[in-house]
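An overview of the molecular structure
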Amino acid sequence: MFCWAWFLRVSPLHLQLPRWVTSFDEVYYGQYVSFYMKRLFFLDGSGPPLGHMLLALGGYLGGFDGNFLWNRIGAEYSSNVPVWSLRLLPALAGALSVPMAYQIVWELRFSHCAAMGAALLVLIENALITQARLMLLESVLIFFNLLAMLSYLKLCNSQKHRPFSLSWWFWLTLTGVACSCAVGIKYMGVFTYLLVLGVAAVHAWHLIGDRTLSNVCVLCHLLARAVALLVIPVIMYLLFFYVHLVLLCRSGPHDQIMSSAFQASLEGGLARITQGQPLEVAYGSQVTLRNVFGKPVPCWLHSHQNTYPMIYENGRGSSHQQQVTCYPFKDVNNWWIVKDPGRHQLVVNSPPRPVRHGDIVQLVHGMTTRLLNTHDVAAPLSPHSQEVSCYIDYNISMPAQNLWRLDIVNRESSTEVWKTILSEVRFVHVNTSAILKLSGAHLPDWGFRQLEVVGEKLSPGYHESMVWNVEEHRYGRSQEQKERELELHSPTQMDLSRNLSFMARFSELQWRMLTVRSDDSEHKYSSTPLDWVTLDTNIAYWLHPTTSAQIHLLGNIVIWASASLATVVYVLLLCWYLLRRRRSICDLPEDSWLRWVLAGALCAGGWAVNYLPFFLMEKTLFLYHYLPALTFQILLLPVVLQHISDHLCRSQLQRSLFSALVVAWYSCACHVFNTLRPLTYGDKSLSPGELRALRWKESWDILIRKHQ
Amino acid sequence: MLCATSRFLAATALRAQPRGRGPAPRCRRRELHFPGHPELPLCDFLTGQLGRPSVPAGRRAILRRGRMPPAVGGGLAGSELRVRRGRCGSQAARAVGPDVAVEAAARSHKRPAPGSRHFEAAGRWALLALVTLLSFATRFHRLDEPPHICWDETHFGKMGSYYINRTFFFDVHPPLGKFCASLGSLLVPFAYLTVLELSKSLPAALLTAALLTFDTGCLTLSQYILLDPILMFFIMAAMLSMVKYNSCADRPFSAPWWFWLSLTGINLAGALGVKFVGLFIIVQVGWNTISDLWHLFGDLSLSLVTVGKHLTARILCLIVLPLALYTATYAVHFMVLNKSGPGDGFFSSAFQARLSGNNLHNASIPEHLAYGSVITVKNLRMAIGYLHSHRHLYPEGVGARQQQVTTYLHKDYNNLWIIKKHNTNSDPLDPSFPVEFVRHGDIIRLEHKETSRNLHSHYHEAPLTRKHYQVTGYGINGTGDSNDFWRIEVVNRKFGNRIKVLRSRIRFIHLVTGCVLGSSGKVLPKWGWEQLEVTCTPYLKETLNSIWNVEDHINPKLPNISLDVLQPSFPEILLESHMVMIRGNNGLKPKDNEFTSKPWHWPINYQGLRFSGINDTDFRVYLLGNPVVWWLNLLSIALYLLSGSIIAVAMQRGARLPPEVEGLSQVLLRGGGQLLLGWMLHYFPFFLMGRILYFHHYFPAMLFSSMLTGVLWDTLLRLCAWSLASSSLARGIHAVGIVSLLLGAAYSFYLFHPLAYGMVGPLAQDPRSPMAGLRWLESWDF
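Residues numbered from 1 in each chain as written. Chains lettered and ligands numbered in written order. Predicted model: local features only at pLDDT ≥ 70, side-chain atom pairs only at ≥ 80, totals over all residues. Heavy atoms only, no water.

**Some remarks on the overall build of chain A**
A count of helical and extended segments in chain A gives 20 helices and 14 strands. Evaluated residue by residue, chain A yields a buried proportion of 56% over its 708 residues. In chain A, 74% of the contacts between residues at least 6 apart in sequence involve partners at least 24 apart. (Helix = DSSP H or I, 4+ residues; strand = E, 2+ residues; numbered from the N terminus. Buried < 20%, exposed > 50% of the residue type's maximum accessible area, 1.4 Å probe, protein only. Contact = heavy atoms within 4.5 Å.)

See the structure below:
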């Protein structure tokens, strides 16, 4: 059976054909594979790293060096890209789901016939084939979903005879591992994981109610399940990230989003600059201050010669003092010197006198030697906050208010020393108790479109936009302004290195992955969940540069329709049986009732948990998001058919008639599969007329060349 | 200003006191007399209740109690049953069939002297009255301060005056403030009665009432003209009537049963009508009803006809009745608000046509679009506005340097466009030409009336949405190029049909590039006068952004028809206003760098909400829960989950529980379970909401968790007392436990009451402030 599946999925035209980049998602995953090959750090909010790593493994085995520009759909792969091995793993996973469908239905205690039916249906589902033949992750996700379900069913079945046997332990562990892999590939795997957990919880509850078992025995059962289904997945999930972070050890394109400490832990990039910096900030230190929040863009506290305009466009006035902004690029104007208010010199004593939590400091702008100041003047764009400026003495009655109290947010003791990179600090203004904050607004042209910095007086608690950390740091040596300017321009160098623990890096990376926001919410082939059930949408993955051979993500419409119908029939029948049983009328014998319920809980439940949550999601959705749900729905189809034939067909004649119908229906599905085949494999160039004939639905977007 | 007029207490009495230290002595006075009042009945009740774990489902428990030695105060049990019966049918006689007789016998066997029964009943009513009184006293105390608008009052007060302006013109505000406060005060007795009904235990009810009375958050919230007291009133009323009708379940179709059932329905309509958060209590009642019906359905002694009757009754009272009421409120709302106002722009053209004062009201315009018509084109998406152009060019570097095309929310001459044929530039208004109607699928040209430039698009990227094409005004006096041609299509109609004003939903498809005219809804920078971006999107998805309708229509050659024909029907209005509300709700998104309250902050009382006043010289009110109460609630939820799961596992394992424990655990699982469900339903959905959230959203959930706390501690103390066995010690433990909880709540209220009644003086960071020691969390800023 597996061979057969393999044949159908893979061999009609080998995997490396089409030798072009197909589909926008191949571009997307491809670039990450390249990053893995080059071991550059990246951040991808779309899912945990396991899926990317598996694809990269394929590339690694095929000897891919990562040198390919993934920027255009339809670009031809260069010879160094091992297309076959990159696409091998998804294809393998897709092929394996066919025998697994068989196994699942069989383990649900339905007949060989039904099991065979399930496998055959998965086999001829065009959408699953298309998705499995390209470098995409859905088929791998489906594979692990099915594996989790299958191993849980095996576990249930061995539970009755031989609990705690070797195979019992094997299947139990495999359930946990498969669940964690599913979650590790896409966050969507969580839904299946929760379903398995739910079913396991119900079964555990029955175990608790089983009076024939001793208390110790029940406890052992519960503990074993808790370890396998809760602890193992967590460990596995951490493991994925561990491998991910070990692999990606060089600084890459997304460094800026991460905190300074994280960046410093990567090779190259910031680490090259900060390596060997002194750890403790002392009076006289020269520092750059980075805002911790990093939104809308990561930036550093900045000032320059230009002053605030006297009168803003809306007629409000300003202090006309020197601008203080937040600037998203490295610049010599980002350097500030930490000064002791009681002394005049701007160099570090020997030994250096470290700055501690609660100390009062002044911040001197390195290039202009003006002091950071705030006062009761409305900020340019956030009139509720105070303006922050570098103080210029105009000799009007506006005194300098340039004392700031240092507040280390992540301190462990009250006398903690201010540390480079590690300490997150707030600057609290001594006179007005305003806090230095990044407002996030872009200044108009007079401020060179840099970001506005304000003094927030009414702070409702902690917010990251008020927290800053020292990124680059060195001890100032030069007393004279000219020398100092030279010193500021020179690169930092010193003598100490430090590392973040794995857990700190993991939690930061995970948090950033969950909160990173992709702004572009529109795509030509995006669709809504309602379109999926009726297959009102498709995705054109690829079009041959010259001929009209093309690949589409298109389902086998007969299977989609009948699977949806089967779900409806199942739900109706279930309600009917439930009501009848409540009135003590049992239509089904107990064991077939339990079988029926379990099959429904797993298959219909699997469909529901993988489909319904999409209605609540606000991200861009595509047809392939429906495939995991569809797979479960297909598994339900033979279950319902067998149930109808066993319990609803009363005579032998009806039964044979029904079988004949099923056979006819299946050959119909085969026919549809065959008709859509050119669009699934993209191996045959069809004429415009034929393509037009394939456009069964108005909403299908099949590409027809105008001039051929 | 609204508060100012809602004076309740004599202002002179207030002014007589020094402002800063004003509240303290007065409150102390009240605190002093609080424990004094209930002392006698309280202790009696405590001891009486303790010996008598008669529980709702405890038919067995009651029976057994009947056989217990009289020393433990069975007398009270009898009286309680009587009172309960008086209030709501005979739920004492829950048992069906022969058990009634047995139980009645058991009761009559132990019936105490009538005098003490009267005394008990009176005591019970007195207690309820006391609870209510205390609640009213706390809520109405200093109701008239601060005399200015606080926070959301701006919003809801204004809404109130919109309603009122239509009818009255004199000052009707004071009743509004008092109305809110009295609704807020009623929450406490409601909670008291609900818990009493669920747990059949007076101490539990008292504890709940005390927690809510002494919670500064509830107090603050009910003192202001906000929607929340009203919402919470309906939620609690629905909960109470649901519980009441549940306990009438043994006498279905009796008068009280019908009464409570329909009252539940009415309150549900009220809750939903105030805020959409009312949906959660509907889910709770629905869940309760379904499980109830499921239970009845499984009862084989009931015929299917009876079950059908039950079902119909519930459909009538819980679905039809609330729906009718809800729709009726909308009917009233639309009837009252029939004038044009500031909210017009949010609604569709057809909707606006029914508002008097709007220029579409009673207007008559030509019905079908013809060539030469002067029109305005409105985007169907809410708050996008009219297609607009003006004599300003796109700046250097933003696409081609041609005239800007935007959308604009206000009516303006620059919104006018002329529909022309794509290939001729002759004046179609020339009387010598016959009228030619525009049809679905026609190729047209839209000429801007003021500047005579054509609506134009080309392969340049749009200013903000890079994947779309730029839309400009192009050409001189109507002469442009082929990029000015658009195909006009009506959504879901056949080719060749005429295009109706207002009613037809149309799309403009650019002929050359095949893209669709739409508005991205993004605000252009200064150069675009902060109007909204118009683009031509190559994605042919049907979103409202790319669908338009014709609103104004001027064509002297066509006969005008009255717009009344086009007026939408009531269901359409209802649907539209709901869509607008839902979209408006979802549109309240927090921005970056903005402080928002997170749902996980709420139960731990992480951060309050500043109602009024900021500086140390201001009169400050800070909405913050009484931390003692809130943290006790939090602890109780954890304890409940723990004890509940222990009991459930023990029962599932088939452990034999002594009858007292079983009765108590039934209270815990059933009554407590309902309350926990209520808490979860009113809390967890907020995690899924993308809109801006505020601390006060937690208060409905907080009511439920306070009730849970009452039930839990009473039950736990009883269990504790029972396990210690020795009767005198047992009584002591329970009484001491409850009294100390009550006193703790009261004392913490004494500490924190300035939060609600207002503080003047230095901020709490300042050690000189009277509140200095009370800033237990750094995130509280009062």
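**A look at the state of the cysteines**
All names here are of chain A. Taken as a whole and judged by the stated rule, the model has two disulfides over all chains. Cysteine Cys-390 is unpaired, with the sulfur of Cys-326 as its nearest cysteine sulfur at 13 Å. Taking the relative accessible area as the measure of exposure, Cys-390 reaches 0% and is therefore buried. (Disulfide = S-S within 2.5 Å.)

**Some remarks on the UniProt feature "domain: MIR" (unreviewed entry) in chain B**
All names here are of chain B. Taken from the UniProt record, the annotation "domain: MIR" (unreviewed entry) applies to residues 366-422, 435-491 and 496-553. Helix makes up 0% of residues 435-491 and strand makes up 44%, while its end C-alpha atoms are separated by 24 Å. From the first C-alpha to the last, residues 496-553 spans 20 Å; its make-up is 0% helix and 43% strand. (UniProt positions renumbered as here; feature names shortened; annotations may be inferred.)

**A short note on the confidence of the model for chain A**
Per-residue pLDDT for chain A averages 85, and the proportion of residues at 70 or more is 92%. Scored below 50 in pLDDT, residues 493-497 of chain A makes 14 contacts in the model with residues more than four places away or belonging to other chains. (pLDDT = per-residue confidence, 0-100.)

**Some words on the packing of helix 16 (residues 557-582) of chain A against helix 18 (residues 627-648) of chain A**
All names here are of chain A. Between helix 16 and helix 18, whose axes approach to 8 Å, the crossing angle comes to 55 degrees. Looking at the two axes, helix 16 sits oblique to helix 18. Like other packed secondary-structure pairs, helix 16 and helix 18 cross with a definite hand, here left-handed. Contact with helix 16, carried on its side by Ile-559, Trp-560, Ser-562, Ala-563, Ser-564, Ala-566, Thr-567, Val-569, Tyr-570, Leu-573 and Tyr-577, involves Leu-627, Leu-630, Gln-633, Ile-634, Leu-636, Leu-637, Val-640, His-643 and Leu-648 of helix 18 and no other residues of that element. When its residues are assigned to classes, the contact of helix 16 with helix 18 shows 15 nonpolar, five polar and no charged. (Axes fitted to C-alpha atoms, helices over the stretch in contact; angles between N-to-C directions. Parallel < 35°, antiparallel > 145°, perpendicular 65-115°, else oblique. Left-handed = near helix turned anticlockwise from the far one by under 90°. Nonpolar A, V, L, I, M, F, W, Y, C, P; charged D, E, K, R; others polar.)

**Here's the deal with the pairing of strand 11 (residues 451-456) of chain A**
All names here are of chain A. Most of strand 11 sits out of view: six of its six residues are buried. Taking every second residue as pointing to the same face, both faces of strand 11 are buried, with Leu-451, Val-453 and Gly-455 on one and Glu-452, Val-454 and Glu-456 on the other. Both strand 3 (residues 322-327) and strand 11 contribute to a ladder of two bridges, which runs antiparallel. Bridged to Thr-325 within strand 11 is Glu-452. Here two bridges tie strand 7 (residues 386-390) to strand 11, and the two strands are oriented antiparallel to one another. Across the sheet, Glu-387 pairs through a bridge with Val-454, a residue of strand 11. Here strand 10 (residues 435-442) pairs with strand 11 via five bridges, running antiparallel. Following the sheet pairing, Ile-435 is matched in strand 11 by Glu-456. (Pairing = 2+ DSSP bridges.)

**Here we look at the UniProt feature "transmembrane region" (unreviewed entry) in chain B**
Residues and elements named next belong to chain B. Under the UniProt annotation, the feature "transmembrane region" (unreviewed entry) is placed at residues 224-245, 257-287, 311-332, 628-651, 672-695, 701-721 and 733-752. Summarising residues 311-332: 100% helix, 0% strand, and an end-to-end C-alpha distance of 30 Å. Split by type, residues 628-651 is 100% helix and 0% strand. Its first and last C-alpha atoms lie 33 Å apart.

**Side note on the confidence of the model for chain B**
All names here are of chain B. Predicted confidence across chain B gives a mean pLDDT of 76, with 74% of residues reaching 70 or more. Highest mean pLDDT in chain B belongs to helix 19 (residues 627-652) (93); lowest belongs to helix 3 (residues 23-36) (32). Here residues 167-174 scores under 50 on pLDDT; set against residues more than four positions off or in separate chains, the count is six contacts. Under the prediction, the complex receives an ipTM of 0.78, its pTM being 0.78.

**What to know about the packing of helix 18 of chain A against helix 19 (residues 652-681) of chain A**
Residues and elements named next belong to chain A. Orientation of helix 18 relative to helix 19, taken along the N-to-C sense of each, is 160 degrees, at an axis distance of 9 Å. When the interaxial angle is binned, helix 18 and helix 19 end up roughly antiparallel. Here helix 18 and helix 19 pass one another in a crossing that is right-handed. The segment helix 18 lies against helix 19, with Leu-637, Leu-641, Ile-644, Ser-645, Asp-646 and Leu-648 engaging Gln-654, Arg-655, Phe-658, Val-662 and Trp-665. Within the contact of helix 18 with helix 19, the residues separate by chemical class into seven nonpolar, two polar and two charged.

**Points about the pattern of salt bridges**
It is possible for side chains bearing opposite charge to pair when their charged atoms get close. The final tally for this structure, using the stated rule, is 25 salt bridges over all chains. The salt bridge partner of Glu-447 of chain B is Lys-420 of chain B, with a shortest N-O separation of 2.9 Å. Of this pair, Glu-447 of chain B sits in strand 6 (residues 443-448) while Lys-420 of chain B sits in strand 5 (residues 417-421), and the two are 27 residues apart along the sequence. With respect to burial, Glu-447 of chain B and Lys-420 of chain B carry one shared label: buried. Look at the salt bridges and you will find they share partners, linking Arg-290, Lys-330, Glu-471 and Glu-472 of chain A into a network. (Salt bridge = Lys/Arg side-chain N within 4 Å of Asp/Glu carboxyl O.)

**A closer look at the interface of chain A and chain B**
Contact residues are listed per partner, giving 40 residues for chain A and 33 residues for chain B. Buried area between chain A and chain B, summed over both chains or domains, comes out near 3,000 Å², and the portion from carbon and sulfur atoms is 52%. At the boundary of chain A with chain B, the tally comes to zero salt bridges. Seen at the junction of chain A and chain B, the total is ten residue pairs in polar contact (both at pLDDT 80 or more). (Buried area = accessible area lost by both parts, 1.4 Å probe. Polar contact = N/O pair within 3.5 Å; in protein donor to acceptor, adjacent residues only side chain to side chain.)

**Regarding a nonpolar patch on the surface**
Residues and elements named next belong to chain B. Taken together, the side chains of Trp-600, Ile-604, Val-628, Trp-631, Leu-634, Met-680, Phe-684, Phe-687 and Trp-776 present a nonpolar region at the surface, about 780 Å² in accessible area. For the nonpolar patch, the element with the most residues is helix 19, which contributes three residues. Of note, Leu-634 is situated in helix 19. Residue Leu-634 is classed as partly exposed on the basis of its relative accessible area of 31%. (Patch = residues over 30% accessible without salt bridge, like charges linked within 9 Å, V, L, I, M, F, W, Y side chains within 5 Å. Areas by Shrake-Rupley, 256 points an atom, 1.4 Å probe, with all protein chains shown as cover.)

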